[in-house]
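Spelled out, the chains give:
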Amino acid sequence: IEQENRVTLDAAADKAEATPEVVKEVLTAELTPQQLFDRGVAELGLNEADAARASFEAAFAADSENTRLRSDAALKSLQSEQPELARTIAHEGARKFPQSAGLHRLHGMAALRLGHNQEAEAALRQSLSLDNSQPLTYFLLGSVLDRLGKTDSAQWHLRQAAKLDGRYAVRR
């Protein structure tokens, strides 16, 4: 496939109107959603967040009902120290798929990482309202509530996380 893309790129570059946008459009049109996603991940590895976002957006457009692509892109963005990109991807994904607890949780994680505590609280509460079985969501919400000075509620959520999974128990 890479060889095919190189031939396509060379053919597009030979055209007088072959702007970088045209070349990228030709390349993108021939890639599967997974290949576009993989390209976005590679671009994250090169610290090219704008290029990664464009590749992820192309993957989402090519497979518009795939919530997993959005969740994975947000998670990879967080792992690559791109919380703003993760926040955008997860927030837009949660708007398109409002019943996705995972996208709301990722939105909350990214907002928390950016210090947008009230936004994180809202996203994490929405995630819990959709799925109250995830200890990570309780833990994250407890953490953000602690930051907001809501100590009693924070402690309750942290205890819930520990009840669901002992790895979340607070060590003293």
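Residues numbered from 1 in each chain as written. Predicted model: local features only at pLDDT ≥ 70, side-chain atom pairs only at ≥ 80, totals over all residues. Heavy atoms only, no water.

## Here's the deal with the overall build of the protein chain
The number of helices and strands found in the protein chain is 10 helices and zero strands. Each helix (α) and strand (β) of the protein chain, taken in turn from the N terminus, gives the series α-α-α-α-α-α-α-α-α-α. Taking all 172 residues of the protein chain together, the buried fraction comes to 41%. Carbon and sulfur atoms make up 49% of the accessible area of the protein chain, which totals about 9,600 Å². (Helix = DSSP H or I, 4+ residues; strand = E, 2+ residues; numbered from the N terminus. Buried < 20%, exposed > 50% of the residue type's maximum accessible area, 1.4 Å probe, protein only. Areas by Shrake-Rupley, 256 points an atom, 1.4 Å probe, with all protein chains shown as cover.)

## Overview of the pattern of salt bridges
Oppositely charged side chains can pair when the atoms bearing their charge come close. All told, the structure shown has 11 salt bridges when counted by the stated rule. With its nearest N and O atoms 3.9 Å apart, the salt bridge here joins Glu43 to Arg39. Note that Glu43 and Arg39 are positioned in helix α3 (residues 33-45) at a spacing of four residues, about one turn of the helix. Of the two residues examined, Glu43 and Arg39, each falls in the buried class. Across the pair Asp72 and Arg68 runs a salt bridge whose closest N-O atoms are separated by 3.2 Å. Linking Asp72 with Arg68, this pair stays in helix α5 (residues 67-79), spanning four residues, or about one helical turn. (Salt bridge = Lys/Arg side-chain N within 4 Å of Asp/Glu carboxyl O.)

## Remarks on the nonpolar core
Phe37, Phe56, Phe60, Ala73 and Ile89 are the most contacted members of the largest nonpolar core, which totals 19 residues. If you list the elements that add at least two residues to this core, you get α3, α4 (49-62), α5, α6 (83-96) and α7 (101-114). The element best represented in this core is α4, accounting for five residues. When neighbours within four sequence positions are excluded, Ile89 is seen to be in contact with Phe56, Phe60, Arg70, Ala73, Ala74 and Ser77. By size, the runner-up hydrophobic cluster in this structure holds 12 residues, among which are Leu124, Leu128, Leu145 and Ala154. (Core = buried A, V, L, I, M, F, W, Y, C linked by side-chain atoms within 4.5 Å. Contact = heavy atoms within 4.5 Å.)

## Some thoughts on the side chain of Arg87
Inspection of the secondary structure puts Arg87 in helix α6. A polar contact is formed between the side chain of Arg87 and the side chain of Glu119, at a distance of 2.8 Å. Once residues lying within four places of it in the same chain are set aside, the contact partners of Arg87 are His107, Ala110, Leu114, His116 and Glu119. (Polar contact = N/O pair within 3.5 Å; in protein donor to acceptor, adjacent residues only side chain to side chain.)

## A closer look at α4
Its 14 residues give α4 an end-to-end C-alpha distance of 20 Å, which sits within 8% of 20 Å, the value for a rise of 1.5 Å per residue. Considered for burial, the residues of α4 that qualify are Ala49, Ala52, Ser55, Phe56, Ala58, Ala59 and Phe60. (Expected span 1.5 Å × (residues − 1).)

## Let's talk about the confidence of the model for the protein chain
Residue-level pLDDT values for the protein chain average 88, and 83% of them are 70 or greater. Across residues 1-20, where pLDDT falls below 50, the model places 16 contacts with residues more than four positions away in sequence or in other chains. (pLDDT = per-residue confidence, 0-100.)

## Some points on unusual backbone geometry
Positioned with a positive phi, Asn47 is a non-glycine residue whose angle comes to about 60°. For Asn47, the position within the fold is in the loop between α3 and α4. What makes Asn47 exposed here is its relative accessible area of 58%.

## Looking at the environment of Ser71
Positionally, Ser71 belongs in helix α5. Given the relative accessible area of 15%, Ser71 is considered buried. A sequence separation of 29 residues divides Ser71 from Ser100, and the C-alpha atoms of the two residues are 9.4 Å apart. The contact partners of Ser71, leaving out residues within four places of it in the chain, are Leu103 and Leu106.

## A few points about helix α10 (residues 151-164)
With 14 residues, α10 extends 20 Å from end C-alpha to end C-alpha; this agrees with the ideal 20 Å at 1.5 Å per step. Taken as a whole, α10 has its buried residues at Ala154, His157, Leu158, Gln160 and Ala161. Mapping the buried residues of α10 onto a view down its axis gives an arc of 155°, with all of them on the same face. Of the exposed residues in α10, those oriented more than 90 degrees away from the buried face are Asp152 and Lys163. Lining the buried residues of α10 we find α8 (117-130) and α9 (135-147). (Arc of directions from axis to C-beta.)

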